[in-house]
Amino acid sequence: MARLVAIGDSLSQGFQSGAIFRTELSFPALMARSMGLRIPTEFPIPSFPGSGLPINFEEALRSMQKPLGSRIDMFEWLVRFPVLLNQFANGVEDLYERGPGSRPATFGGSYHNLAVWGFKVVDSFSIHSEYCDRAINREEGWLEDDFVGLPSGAMYRTAKRVLNPRFEANRATWTQVTNLKAIVEKEQTVDALILWLGSNDCLGTVVDLQLKDMTDADVEELERTGQLNDPITRRKWNLTNLNLFERDFAFLVDAIAAILPATTKVFVGTVPYVTIPPITQGLGSFDGRYFDYYGPFFANAENYRENPPGKRHLSRDDVATIDQRIDGFNDIIRRLVAAQGQQWTVVEIGSVLGQLAVKRNRQSDTPELPLIERYRDKGWDDHPLLQLEPVPSVLRYGTKDAVRIQGGLFSLDSVHPTTIGYGIVAEEFLAAMQAAGVEGADPRQLDWPGIIAQDTLIQSPPVLWDDIVSAAENNAALWNLLLSFAS
(Lines give C-alpha, C1' and ligand atoms only; values in the text may rest on other atoms or scores of the structure.)
Protein backbone atom coordinates (compact mmCIF):
# COMPACT_ATOMS: atom_id res chain seq x y z
CA MET A 1 0.00 0.00 0.00
CA ALA A 2 1.32 3.43 -0.96
CA ARG A 3 0.79 5.92 1.85
CA LEU A 4 1.83 9.05 -0.06
CA VAL A 5 2.52 9.97 -3.70
CA ALA A 6 3.39 13.38 -5.13
CA ILE A 7 3.04 14.82 -8.64
CA GLY A 8 4.48 18.27 -9.17
CA ASP A 9 7.30 20.48 -10.35
CA SER A 10 10.46 21.92 -8.76
CA LEU A 11 8.59 22.95 -5.60
CA SER A 12 7.61 19.33 -4.95
CA GLN A 13 10.88 17.82 -6.15
CA GLY A 14 12.95 19.88 -3.71
CA PHE A 15 14.86 22.17 -6.10
CA GLN A 16 17.19 24.64 -4.33
CA SER A 17 19.81 27.22 -5.30
CA GLY A 18 19.68 26.38 -8.99
CA ALA A 19 19.63 22.58 -8.85
CA ILE A 20 17.78 19.43 -7.92
CA PHE A 21 20.12 17.72 -5.51
CA ARG A 22 19.04 16.47 -2.08
CA THR A 23 15.61 15.05 -2.85
CA GLU A 24 15.32 13.66 0.67
CA LEU A 25 14.80 17.28 1.77
CA SER A 26 11.84 17.90 -0.55
CA PHE A 27 8.66 18.75 1.30
CA PRO A 28 6.91 15.43 0.35
CA ALA A 29 9.93 13.57 1.78
CA LEU A 30 9.77 15.66 4.97
CA MET A 31 6.07 14.80 5.20
CA ALA A 32 6.65 11.10 4.57
CA ARG A 33 9.27 10.96 7.30
CA SER A 34 6.94 12.68 9.77
CA MET A 35 4.30 10.06 8.93
CA GLY A 36 6.70 7.27 9.91
CA LEU A 37 7.74 6.22 6.39
CA ARG A 38 11.31 5.16 5.73
CA ILE A 39 13.12 6.78 2.82
CA PRO A 40 13.77 5.50 0.21
CA THR A 41 12.26 2.06 0.91
CA GLU A 42 8.72 3.10 1.89
CA PHE A 43 8.74 6.41 0.04
CA PRO A 44 10.94 5.86 -3.05
CA ILE A 45 12.60 9.02 -4.38
CA PRO A 46 15.08 9.61 -7.20
CA SER A 47 18.67 10.58 -6.48
CA PHE A 48 21.04 12.81 -8.42
CA PRO A 49 24.81 12.35 -8.26
CA GLY A 50 27.34 15.10 -7.75
CA SER A 51 25.89 18.55 -7.14
CA GLY A 52 22.70 17.92 -9.13
CA LEU A 53 21.13 19.55 -12.18
CA PRO A 54 21.45 22.03 -13.79
CA ILE A 55 23.89 24.08 -11.63
CA ASN A 56 24.08 24.22 -7.87
CA PHE A 57 25.03 27.79 -6.98
CA GLU A 58 25.68 26.92 -3.35
CA GLU A 59 28.03 24.05 -4.16
CA ALA A 60 29.74 26.10 -6.85
CA LEU A 61 30.53 28.87 -4.35
CA ARG A 62 31.74 26.40 -1.75
CA SER A 63 34.06 24.80 -4.31
CA MET A 64 35.58 28.24 -5.04
CA GLN A 65 36.11 29.21 -1.42
CA LYS A 66 39.52 27.56 -1.07
CA PRO A 67 41.14 28.94 -4.26
CA LEU A 68 39.59 32.42 -3.88
CA GLY A 69 39.52 32.85 -0.12
CA SER A 70 36.85 34.90 1.62
CA ARG A 71 36.99 37.87 -0.77
CA ILE A 72 37.12 38.27 -4.54
CA ASP A 73 39.23 41.13 -5.88
CA MET A 74 38.81 42.68 -9.33
CA PHE A 75 41.51 40.50 -10.95
CA GLU A 76 39.82 37.39 -9.63
CA TRP A 77 36.43 38.57 -10.87
CA LEU A 78 37.77 39.11 -14.36
CA VAL A 79 40.08 36.10 -14.61
CA ARG A 80 39.89 33.44 -11.90
CA PHE A 81 36.17 33.45 -11.08
CA PRO A 82 35.05 32.79 -14.70
CA VAL A 83 37.62 29.99 -15.01
CA LEU A 84 36.49 28.33 -11.78
CA LEU A 85 32.84 28.72 -12.76
CA ASN A 86 33.56 27.10 -16.12
CA GLN A 87 35.40 24.24 -14.44
CA PHE A 88 32.46 23.60 -12.13
CA ALA A 89 29.94 23.75 -14.99
CA ASN A 90 32.05 21.44 -17.16
CA GLY A 91 32.26 18.96 -14.31
CA VAL A 92 28.46 18.86 -14.16
CA GLU A 93 28.28 18.47 -17.94
CA ASP A 94 30.75 15.55 -17.88
CA LEU A 95 28.90 13.87 -15.02
CA TYR A 96 25.46 13.99 -16.67
CA GLU A 97 26.34 13.66 -20.34
CA ARG A 98 29.03 10.98 -20.13
CA GLY A 99 29.46 9.93 -16.49
CA PRO A 100 27.33 8.20 -13.84
CA GLY A 101 24.57 10.79 -14.18
CA SER A 102 23.91 9.59 -17.74
CA ARG A 103 23.46 5.95 -16.78
CA PRO A 104 20.35 4.04 -15.68
CA ALA A 105 19.51 3.79 -11.99
CA THR A 106 19.29 0.45 -10.21
CA PHE A 107 15.75 1.21 -9.03
CA GLY A 108 13.19 -0.25 -11.40
CA GLY A 109 9.85 0.78 -9.96
CA SER A 110 7.93 4.05 -9.94
CA TYR A 111 9.08 6.72 -7.53
CA HIS A 112 6.50 7.97 -5.08
CA ASN A 113 7.76 11.51 -5.59
CA LEU A 114 7.22 11.94 -9.33
CA ALA A 115 7.83 15.69 -9.39
CA VAL A 116 10.14 17.17 -12.05
CA TRP A 117 11.50 20.70 -11.98
CA GLY A 118 10.37 22.94 -14.83
CA PHE A 119 7.16 21.00 -15.51
CA LYS A 120 4.05 22.84 -16.62
CA VAL A 121 0.62 21.28 -16.23
CA VAL A 122 0.69 20.01 -19.83
CA ASP A 123 4.02 18.25 -19.20
CA SER A 124 2.48 15.91 -16.62
CA PHE A 125 0.69 14.00 -19.35
CA SER A 126 2.91 14.84 -22.35
CA ILE A 127 6.55 14.29 -21.36
CA HIS A 128 8.03 10.79 -21.19
CA SER A 129 11.55 9.42 -21.55
CA GLU A 130 11.24 8.95 -25.32
CA TYR A 131 10.31 12.62 -25.69
CA CYS A 132 13.18 13.50 -23.33
CA ASP A 133 15.68 11.69 -25.56
CA ARG A 134 14.51 13.68 -28.58
CA ALA A 135 14.66 16.96 -26.66
CA ILE A 136 18.15 16.24 -25.33
CA ASN A 137 19.49 15.34 -28.78
CA ARG A 138 17.85 18.40 -30.29
CA GLU A 139 19.45 20.74 -27.73
CA GLU A 140 22.83 19.01 -27.80
CA GLY A 141 23.20 19.31 -31.56
CA TRP A 142 26.27 17.91 -33.28
CA LEU A 143 28.79 18.81 -30.53
CA GLU A 144 28.55 16.48 -27.52
CA ASP A 145 31.13 18.23 -25.35
CA ASP A 146 30.47 21.97 -25.40
CA PHE A 147 33.71 22.68 -23.48
CA VAL A 148 31.92 25.56 -21.74
CA GLY A 149 28.37 24.96 -20.61
CA LEU A 150 25.96 22.78 -18.72
CA PRO A 151 24.36 19.47 -19.71
CA SER A 152 22.05 19.83 -22.69
CA GLY A 153 18.35 19.43 -21.95
CA ALA A 154 18.91 19.43 -18.20
CA MET A 155 15.19 19.40 -17.37
CA TYR A 156 14.62 16.50 -19.77
CA ARG A 157 17.56 14.58 -18.32
CA THR A 158 15.96 15.04 -14.89
CA ALA A 159 12.56 13.94 -16.18
CA LYS A 160 14.02 10.81 -17.77
CA ARG A 161 15.67 9.77 -14.49
CA VAL A 162 12.36 10.26 -12.65
CA LEU A 163 9.92 8.77 -15.15
CA ASN A 164 12.00 5.84 -16.41
CA PRO A 165 14.86 5.20 -13.95
CA ARG A 166 16.27 2.16 -15.74
CA PHE A 167 15.70 3.61 -19.23
CA GLU A 168 13.55 0.60 -20.11
CA ALA A 169 12.05 0.41 -23.59
CA ASN A 170 8.67 -0.76 -22.28
CA ARG A 171 8.43 2.40 -20.13
CA ALA A 172 9.57 4.85 -22.79
CA THR A 173 6.13 6.50 -22.99
CA TRP A 174 5.39 6.62 -19.27
CA THR A 175 4.47 10.09 -18.04
CA GLN A 176 3.83 11.26 -14.48
CA VAL A 177 0.23 10.12 -14.92
CA THR A 178 1.27 6.73 -16.32
CA ASN A 179 3.63 6.19 -13.38
CA LEU A 180 0.81 7.00 -10.97
CA LYS A 181 -1.31 4.34 -12.66
CA ALA A 182 1.54 1.82 -12.26
CA ILE A 183 1.78 2.62 -8.55
CA VAL A 184 -1.95 2.07 -8.08
CA GLU A 185 -1.85 -1.22 -9.99
CA LYS A 186 1.09 -2.48 -7.93
CA GLU A 187 0.09 -1.16 -4.50
CA GLN A 188 -3.68 -1.54 -5.01
CA THR A 189 -4.31 1.73 -3.20
CA VAL A 190 -2.87 5.15 -2.44
CA ASP A 191 -3.78 6.82 0.84
CA ALA A 192 -2.95 10.37 -0.20
CA LEU A 193 -1.87 12.09 -3.40
CA ILE A 194 -0.27 15.53 -3.52
CA LEU A 195 -0.88 17.38 -6.80
CA TRP A 196 0.86 20.74 -7.16
CA LEU A 197 1.42 22.08 -10.66
CA GLY A 198 0.90 25.42 -12.38
CA SER A 199 3.78 27.58 -11.17
CA ASN A 200 5.77 27.04 -14.36
CA ASP A 201 2.81 28.24 -16.40
CA CYS A 202 3.79 31.73 -15.17
CA LEU A 203 7.22 31.53 -13.49
CA GLY A 204 9.16 32.29 -16.68
CA THR A 205 7.86 35.85 -16.58
CA VAL A 206 9.97 36.74 -13.55
CA VAL A 207 12.94 34.63 -14.62
CA ASP A 208 13.04 36.24 -18.07
CA LEU A 209 11.87 39.68 -16.82
CA GLN A 210 9.78 39.71 -19.96
CA LEU A 211 6.11 39.01 -20.50
CA LYS A 212 5.45 36.54 -23.31
CA ASP A 213 1.72 36.08 -22.97
CA MET A 214 -0.13 33.38 -24.89
CA THR A 215 -3.17 34.83 -26.65
CA ASP A 216 -6.34 33.11 -27.86
CA ALA A 217 -4.98 33.47 -31.40
CA ASP A 218 -1.80 31.65 -30.34
CA VAL A 219 -3.91 28.80 -28.97
CA GLU A 220 -5.87 28.59 -32.23
CA GLU A 221 -2.62 28.41 -34.19
CA LEU A 222 -1.29 25.64 -31.94
CA GLU A 223 -4.49 23.68 -32.51
CA ARG A 224 -4.32 24.24 -36.26
CA THR A 225 -0.73 22.94 -36.43
CA GLY A 226 -1.31 20.03 -34.03
CA GLN A 227 1.15 21.39 -31.45
CA LEU A 228 -1.25 22.21 -28.65
CA ASN A 229 0.29 19.69 -26.24
CA ASP A 230 3.88 19.84 -27.45
CA PRO A 231 6.01 20.86 -24.45
CA ILE A 232 8.85 22.44 -26.42
CA THR A 233 6.56 24.49 -28.63
CA ARG A 234 4.58 25.65 -25.59
CA ARG A 235 7.78 27.08 -24.07
CA LYS A 236 7.76 29.93 -26.60
CA TRP A 237 5.42 31.59 -24.10
CA ASN A 238 6.00 32.10 -20.39
CA LEU A 239 2.41 32.92 -19.41
CA THR A 240 -0.12 30.25 -20.32
CA ASN A 241 -3.44 31.30 -21.82
CA LEU A 242 -6.18 31.05 -19.18
CA ASN A 243 -8.57 28.95 -21.27
CA LEU A 244 -5.77 26.60 -22.25
CA PHE A 245 -4.69 26.26 -18.61
CA GLU A 246 -8.24 25.18 -17.80
CA ARG A 247 -8.15 22.58 -20.56
CA ASP A 248 -4.78 21.30 -19.35
CA PHE A 249 -5.78 21.10 -15.70
CA ALA A 250 -9.18 19.57 -16.46
CA PHE A 251 -7.52 16.87 -18.57
CA LEU A 252 -5.04 16.15 -15.77
CA VAL A 253 -7.71 16.00 -13.07
CA ASP A 254 -9.89 13.67 -15.17
CA ALA A 255 -6.92 11.41 -15.92
CA ILE A 256 -5.97 11.15 -12.25
CA ALA A 257 -9.56 10.64 -11.10
CA ALA A 258 -9.91 7.73 -13.51
CA ILE A 259 -6.83 6.06 -12.01
CA LEU A 260 -7.23 6.51 -8.27
CA PRO A 261 -9.27 4.26 -6.02
CA ALA A 262 -12.34 5.89 -4.47
CA THR A 263 -10.62 5.85 -1.07
CA THR A 264 -7.66 8.01 -2.09
CA LYS A 265 -7.61 11.54 -0.72
CA VAL A 266 -6.16 14.13 -3.10
CA PHE A 267 -4.58 17.42 -1.99
CA VAL A 268 -4.17 20.04 -4.71
CA GLY A 269 -1.98 23.08 -4.13
CA THR A 270 -2.79 26.53 -5.49
CA VAL A 271 -0.28 28.57 -7.49
CA PRO A 272 1.77 31.12 -5.50
CA TYR A 273 2.28 34.68 -6.74
CA VAL A 274 5.61 34.48 -8.55
CA THR A 275 6.25 38.20 -8.05
CA ILE A 276 6.68 37.83 -4.26
CA PRO A 277 9.91 35.73 -4.17
CA PRO A 278 13.06 37.89 -4.21
CA ILE A 279 14.03 36.94 -7.78
CA THR A 280 12.59 40.37 -8.67
CA GLN A 281 13.00 43.63 -6.78
CA GLY A 282 10.23 46.21 -6.86
CA LEU A 283 11.44 49.79 -7.39
CA GLY A 284 9.96 53.24 -7.75
CA SER A 285 6.73 54.36 -6.14
CA PHE A 286 4.50 51.84 -4.34
CA ASP A 287 0.72 52.07 -4.71
CA GLY A 288 -0.08 49.70 -1.87
CA ARG A 289 0.27 46.58 -3.99
CA TYR A 290 2.68 47.18 -6.87
CA PHE A 291 5.84 49.15 -7.61
CA ASP A 292 6.50 51.17 -10.75
CA TYR A 293 8.71 48.42 -12.13
CA TYR A 294 10.51 45.22 -11.16
CA GLY A 295 14.17 44.49 -11.87
CA PRO A 296 16.43 41.48 -11.22
CA PHE A 297 17.34 40.25 -7.75
CA PHE A 298 20.26 42.68 -7.46
CA ALA A 299 18.30 45.77 -8.57
CA ASN A 300 18.15 48.74 -6.19
CA ALA A 301 17.43 52.45 -6.38
CA GLU A 302 21.08 53.21 -7.18
CA ASN A 303 21.95 50.71 -9.89
CA TYR A 304 18.52 50.82 -11.57
CA ARG A 305 17.63 54.50 -11.36
CA GLU A 306 19.06 55.58 -14.72
CA ASN A 307 16.76 54.81 -17.64
CA PRO A 308 15.07 51.67 -16.17
CA PRO A 309 13.00 51.19 -19.36
CA GLY A 310 16.26 50.43 -21.16
CA LYS A 311 17.09 47.64 -18.73
CA ARG A 312 15.45 44.26 -18.19
CA HIS A 313 12.34 44.80 -16.11
CA LEU A 314 8.63 44.15 -15.71
CA SER A 315 6.26 47.09 -15.49
CA ARG A 316 3.55 47.63 -12.92
CA ASP A 317 0.99 46.60 -15.55
CA ASP A 318 2.99 43.46 -16.40
CA VAL A 319 3.02 42.33 -12.79
CA ALA A 320 -0.69 43.06 -12.39
CA THR A 321 -1.35 40.95 -15.49
CA ILE A 322 0.71 38.06 -14.07
CA ASP A 323 -1.05 38.21 -10.71
CA GLN A 324 -4.48 38.36 -12.34
CA ARG A 325 -3.60 35.32 -14.44
CA ILE A 326 -2.51 33.44 -11.32
CA ASP A 327 -5.81 34.39 -9.69
CA GLY A 328 -7.50 32.90 -12.75
CA PHE A 329 -5.41 29.72 -12.51
CA ASN A 330 -6.39 29.31 -8.87
CA ASP A 331 -10.08 29.91 -9.53
CA ILE A 332 -9.91 27.12 -12.10
CA ILE A 333 -8.10 24.80 -9.68
CA ARG A 334 -10.67 25.43 -6.95
CA ARG A 335 -13.60 24.85 -9.28
CA LEU A 336 -12.21 21.65 -10.81
CA VAL A 337 -11.25 20.23 -7.43
CA ALA A 338 -14.66 21.04 -5.93
CA ALA A 339 -16.31 19.14 -8.76
CA GLN A 340 -14.47 15.96 -7.71
CA GLY A 341 -16.21 15.72 -4.35
CA GLN A 342 -15.12 15.39 -0.74
CA GLN A 343 -12.09 13.20 -1.40
CA TRP A 344 -10.36 16.13 -3.11
CA THR A 345 -9.10 19.13 -1.13
CA VAL A 346 -7.60 22.44 -2.22
CA VAL A 347 -4.55 23.42 -0.17
CA GLU A 348 -4.26 27.21 -0.28
CA ILE A 349 -0.48 27.10 -0.36
CA GLY A 350 -0.44 30.14 -2.64
CA SER A 351 -1.97 32.25 0.11
CA VAL A 352 0.83 31.27 2.51
CA LEU A 353 3.37 33.14 0.40
CA GLY A 354 1.01 36.11 0.29
CA GLN A 355 0.86 36.10 4.10
CA LEU A 356 4.66 35.98 4.33
CA ALA A 357 5.23 38.80 1.81
CA VAL A 358 7.21 41.68 3.27
CA LYS A 359 6.95 44.66 0.94
CA ARG A 360 3.34 44.03 -0.13
CA ASN A 361 2.37 43.80 3.52
CA ARG A 362 4.26 47.02 4.32
CA GLN A 363 6.65 45.20 6.64
CA SER A 364 9.98 46.34 5.13
CA ASP A 365 11.13 47.69 8.49
CA THR A 366 10.08 44.52 10.32
CA PRO A 367 10.54 41.64 7.83
CA GLU A 368 10.41 39.06 10.63
CA LEU A 369 6.82 39.93 11.57
CA PRO A 370 4.96 37.96 8.84
CA LEU A 371 6.42 34.65 10.04
CA ILE A 372 5.94 35.56 13.70
CA GLU A 373 2.30 36.50 13.06
CA ARG A 374 1.73 33.31 11.06
CA TYR A 375 2.67 31.10 13.99
CA ARG A 376 1.04 33.39 16.53
CA ASP A 377 -2.24 32.92 14.66
CA LYS A 378 -1.70 29.16 14.85
CA GLY A 379 -1.05 29.30 18.61
CA TRP A 380 2.54 28.18 18.09
CA ASP A 381 4.54 31.02 19.65
CA ASP A 382 7.49 28.74 20.43
CA HIS A 383 7.88 27.41 16.88
CA PRO A 384 11.54 26.45 16.25
CA LEU A 385 11.81 28.86 13.29
CA LEU A 386 11.06 31.77 15.60
CA GLN A 387 14.13 30.89 17.67
CA LEU A 388 16.45 31.58 14.74
CA GLU A 389 18.32 34.88 14.63
CA PRO A 390 17.23 36.77 12.66
CA VAL A 391 13.77 35.26 12.25
CA PRO A 392 13.61 34.07 8.60
CA SER A 393 11.74 36.06 5.96
CA VAL A 394 11.06 36.00 2.21
CA LEU A 395 13.61 38.74 1.57
CA ARG A 396 16.63 37.96 -0.61
CA TYR A 397 19.13 35.78 1.23
CA GLY A 398 21.72 38.13 2.70
CA THR A 399 24.94 37.55 4.63
CA LYS A 400 27.79 39.49 6.13
CA ASP A 401 31.06 37.75 6.81
CA ALA A 402 29.37 34.36 6.30
CA VAL A 403 26.61 35.12 8.82
CA ARG A 404 22.99 35.33 7.67
CA ILE A 405 21.58 38.81 8.24
CA GLN A 406 18.29 38.60 6.32
CA GLY A 407 16.06 36.20 4.39
CA GLY A 408 16.36 32.48 4.93
CA LEU A 409 13.11 31.18 3.40
CA PHE A 410 14.39 31.38 -0.20
CA SER A 411 17.59 29.81 -1.48
CA LEU A 412 20.36 31.42 -3.53
CA ASP A 413 18.37 31.28 -6.78
CA SER A 414 15.85 33.62 -5.08
CA VAL A 415 12.86 31.67 -6.38
CA HIS A 416 12.97 28.24 -4.67
CA PRO A 417 12.64 27.69 -0.91
CA THR A 418 15.42 26.69 1.41
CA THR A 419 15.05 23.49 3.42
CA ILE A 420 13.23 25.37 6.21
CA GLY A 421 11.05 27.00 3.54
CA TYR A 422 10.05 23.55 2.33
CA GLY A 423 9.31 22.68 5.95
CA ILE A 424 6.64 25.40 5.99
CA VAL A 425 5.11 23.92 2.82
CA ALA A 426 5.13 20.47 4.44
CA GLU A 427 3.30 21.88 7.46
CA GLU A 428 0.56 23.33 5.28
CA PHE A 429 -0.08 20.08 3.40
CA LEU A 430 0.08 18.01 6.59
CA ALA A 431 -2.48 20.29 8.25
CA ALA A 432 -4.85 19.80 5.31
CA MET A 433 -4.30 16.05 5.37
CA GLN A 434 -4.88 15.91 9.13
CA ALA A 435 -8.16 17.82 8.72
CA ALA A 436 -9.19 15.31 6.03
CA GLY A 437 -8.49 12.37 8.31
CA VAL A 438 -5.31 10.97 6.71
CA GLU A 439 -3.71 8.59 9.20
CA GLY A 440 -0.42 9.82 10.64
CA ALA A 441 -0.64 13.33 9.17
CA ASP A 442 0.22 15.90 11.84
CA PRO A 443 2.16 19.13 11.19
CA ARG A 444 3.44 19.05 14.79
CA GLN A 445 5.26 15.80 14.04
CA LEU A 446 7.69 17.40 11.61
CA ASP A 447 11.26 17.07 12.83
CA TRP A 448 12.03 20.78 12.95
CA PRO A 449 15.36 20.43 14.79
CA GLY A 450 16.46 18.00 12.07
CA ILE A 451 15.14 20.21 9.25
CA ILE A 452 16.98 23.25 10.60
CA ALA A 453 20.15 21.23 11.17
CA GLN A 454 20.15 20.03 7.55
CA ASP A 455 19.59 23.50 6.07
CA THR A 456 23.12 24.42 5.04
CA LEU A 457 22.17 28.01 4.20
CA ILE A 458 21.02 28.44 7.80
CA GLN A 459 23.87 26.51 9.40
CA SER A 460 26.86 27.64 7.31
CA PRO A 461 26.25 30.41 4.73
CA PRO A 462 28.66 30.35 1.77
CA VAL A 463 31.55 32.69 2.48
CA LEU A 464 31.57 34.19 -1.03
CA TRP A 465 27.86 35.11 -1.16
CA ASP A 466 28.59 38.61 0.18
CA ASP A 467 30.86 39.34 -2.76
CA ILE A 468 28.47 37.83 -5.30
CA VAL A 469 25.64 40.12 -4.22
CA SER A 470 27.91 43.15 -3.94
CA ALA A 471 29.34 42.56 -7.42
CA ALA A 472 25.86 42.17 -8.90
CA GLU A 473 24.64 45.35 -7.24
CA ASN A 474 27.68 47.38 -8.28
CA ASN A 475 28.25 46.05 -11.77
CA ALA A 476 25.22 44.59 -13.51
CA ALA A 477 27.11 44.27 -16.80
CA LEU A 478 29.84 42.16 -15.16
CA TRP A 479 27.19 39.99 -13.51
CA ASN A 480 25.42 39.32 -16.79
CA LEU A 481 28.75 38.47 -18.42
CA LEU A 482 29.60 35.98 -15.70
CA LEU A 483 26.18 34.36 -15.93
CA SER A 484 26.72 33.85 -19.66
CA PHE A 485 29.58 31.46 -18.90
CA ALA A 486 27.18 29.12 -17.14
CA SER A 487 24.34 29.34 -19.63
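Presented here is an overview of the structure given in this document. (Residues numbered from 1 in each chain as written. Predicted model: local features only at pLDDT ≥ 70, side-chain atom pairs only at ≥ 80, totals over all residues. Heavy atoms only, no water.)

1. Looking at the overall build of the protein chain
Consideration 1: Regarding its fold elements, the protein chain presents 19 helices and 11 strands.
Consideration 2: Taking 2.2 N^0.38 as the reference for a compact globule, 487 residues should give roughly 23 Å; the C-alpha atoms of the protein chain span a radius of gyration of 22 Å, in line with that estimate.
Consideration 3: With respect to the three principal axes, the spread of C-alpha positions in the protein chain is 60 × 60 × 50 Å.
Consideration 4: Each of the 487 residues in the protein chain was classed as buried or not, and the buried ones make up 59%.
Consideration 5: Put simply, of all contacts in the protein chain between residues at least 6 apart along the chain, 75% involve residues at least 24 apart.
Consideration 6: Of the accessible surface of the protein chain, which amounts to about 19,400 Å², a share of 51% is contributed by carbon and sulfur atoms.
Consideration 7: Positive and negative side-chain charges of the protein chain, numbering 45 and 62 respectively, have mean locations separated by a distance of 2 Å. (Helix = DSSP H or I, 4+ residues; strand = E, 2+ residues; numbered from the N terminus. Rg over C-alpha atoms; globule rule 2.2 N^0.38 Å. Buried < 20%, exposed > 50% of the residue type's maximum accessible area, 1.4 Å probe, protein only. Contact = heavy atoms within 4.5 Å. Areas by Shrake-Rupley, 256 points an atom, 1.4 Å probe, with all protein chains shown as cover. Lys, Arg positive; Asp, Glu negative; His and termini not counted. Charge placed at Lys NZ, Arg CZ, Asp CG, Glu CD.)

2. Focus on helix α7 (residues 176-187)
Consideration 1: Its 12 residues place the ends of α7 16 Å apart at the C-alpha level, agreeing with the 16 Å of an ideal helix rising 1.5 Å per residue.
Consideration 2: All of the buried residues along α7 are Q176, V177, N179, L180, A182, I183 and V184.
Consideration 3: On its buried side, α7 packs onto β1 (2-8), α6 (154-163), β4 (190-196) and α11 (242-259).
Consideration 4: Its side-chain oxygen placed 3.2 Å from the backbone nitrogen of V177, T175 serves as the N-cap of α7.
Consideration 5: Backbone geometry just after α7 places Q188 at a positive phi near 75 degrees. (Expected span 1.5 Å × (residues − 1). Polar contact = N/O pair within 3.5 Å; in protein donor to acceptor, adjacent residues only side chain to side chain.)

3. Some words on the pattern of salt bridges
Consideration 1: The full count for this structure, using the stated rule, is 27 salt bridges.
Consideration 2: Its salt-bridge partner being D94, residue R98 comes within 2.4 Å of it at the nearest N-O pair.
Consideration 3: Judged by its relative accessible area of 30%, R98 is partly exposed.
Consideration 4: D94 gets classed as partly exposed once you look at its relative accessible area, which sits at 35%.
Consideration 5: One salt bridge in this structure joins R360 and D323, with 2.9 Å as the shortest N-O distance. With R360 in the loop between α13 (349-356) and α14 (369-377) and D323 in helix α12 (residues 316-338), this residue pair connects regions lying 37 residues apart in the sequence.
Consideration 6: Given a relative accessible area of 0%, D323 falls into the buried group.
Consideration 7: A single salt-bridge network, built from bridges that share partners, covers D94, E97, R98 and R157. (Salt bridge = Lys/Arg side-chain N within 4 Å of Asp/Glu carboxyl O.)

4. Comments concerning the sheet that holds strand β6 (residues 280-286)
Consideration 1: In space, the 3 strands of this open sheet follow the order β6-β7-β8, with antiparallel pairing throughout. Two strands lie at the open edges of the sheet, namely β6 and β8 (314-315), each paired on one side alone.
Consideration 2: Where strand β7 (residues 291-296) lies against β8, 2 bridges are found, and the strand directions are antiparallel. Residue pairing across strands places Y293 opposite S315, the latter belonging to β8. (Pairing = 2+ DSSP bridges.)

5. Concerning unusual backbone geometry
Consideration 1: Along the chain, L53 connects to P54 via a cis peptide bond; the corresponding omega equals -5 degrees.
Consideration 2: Here P54 is to be found in strand β3 (residues 53-54).
Consideration 3: With an omega dihedral of -5 degrees, the bond running from E389 to P390 counts as a cis peptide bond.
Consideration 4: Tracing the backbone through its elements, the reader meets P390 in the loop between α14 and β10 (398-400).
Consideration 5: Its identity as a non-glycine residue notwithstanding, L209 has a phi of 55 degrees, on the positive side.
Consideration 6: Relative to the helices and strands, L209 resides in the loop between α8 (204-208) and α9 (216-224).
Consideration 7: Of the residues examined, L209 reaches a relative accessible area of 5% and is grouped as buried.

6. So, the nonpolar core
Nonpolar side chains tend to gather and get buried jointly when the protein is soluble and globular.
Consideration 1: Counting 144 residues, the largest nonpolar core has F429 and W448 as its most contacted members.
Consideration 2: Apart from the residues within four sequence positions on either side, W448 is in contact with Y375, W380, H383, P384, L385, I420, G423, I424 and E427.
Consideration 3: Counting residues in hydrophobic clusters, the runner-up holds 6 residues, among them V219, L228, W237 and L244. (Core = buried A, V, L, I, M, F, W, Y, C linked by side-chain atoms within 4.5 Å.)

7. Observations concerning α13
Consideration 1: Those residues of α13 not exposed but buried are I349, G350, V352, L353 and L356. Buried residues of α13 fall within an arc of 155 degrees about the axis and therefore sit on the same side. (Arc of directions from axis to C-beta.)

8. A word on the packing of aromatic side chains
Consideration 1: Using the criterion set out here, one finds 14 aromatic pairs in the structure.
Consideration 2: Between F291 and Y294 the ring centres are 6.0 Å apart and the planes differ by 85 degrees, which places this aromatic pair in the edge-to-face class. Across the pair, Y294 and F291 agree in class, each one buried.
Consideration 3: Between Y375 and W380 the ring centres are 5.9 Å apart and the planes differ by 85 degrees, which places this aromatic pair in the edge-to-face class. For the pair formed by Y375 and W380, the shared burial category is buried.
Consideration 4: Ring-pair connections join several aromatic residues into one group, and the members of that group are F27, W196 and F429.
Consideration 5: Sitting over the ring of F167, K160 keeps its end group 4.2 Å from the ring centre.
Consideration 6: When the ring centre of Y375 is taken as reference, the NZ or CZ atom of R374 above it lies at 5.5 Å. (Phe/Tyr/Trp six-rings, centres within 6.5 Å; stacked < 30°, edge-to-face > 60°. Lys NZ or Arg CZ within 6 Å of the ring centre and 35° of its normal.)

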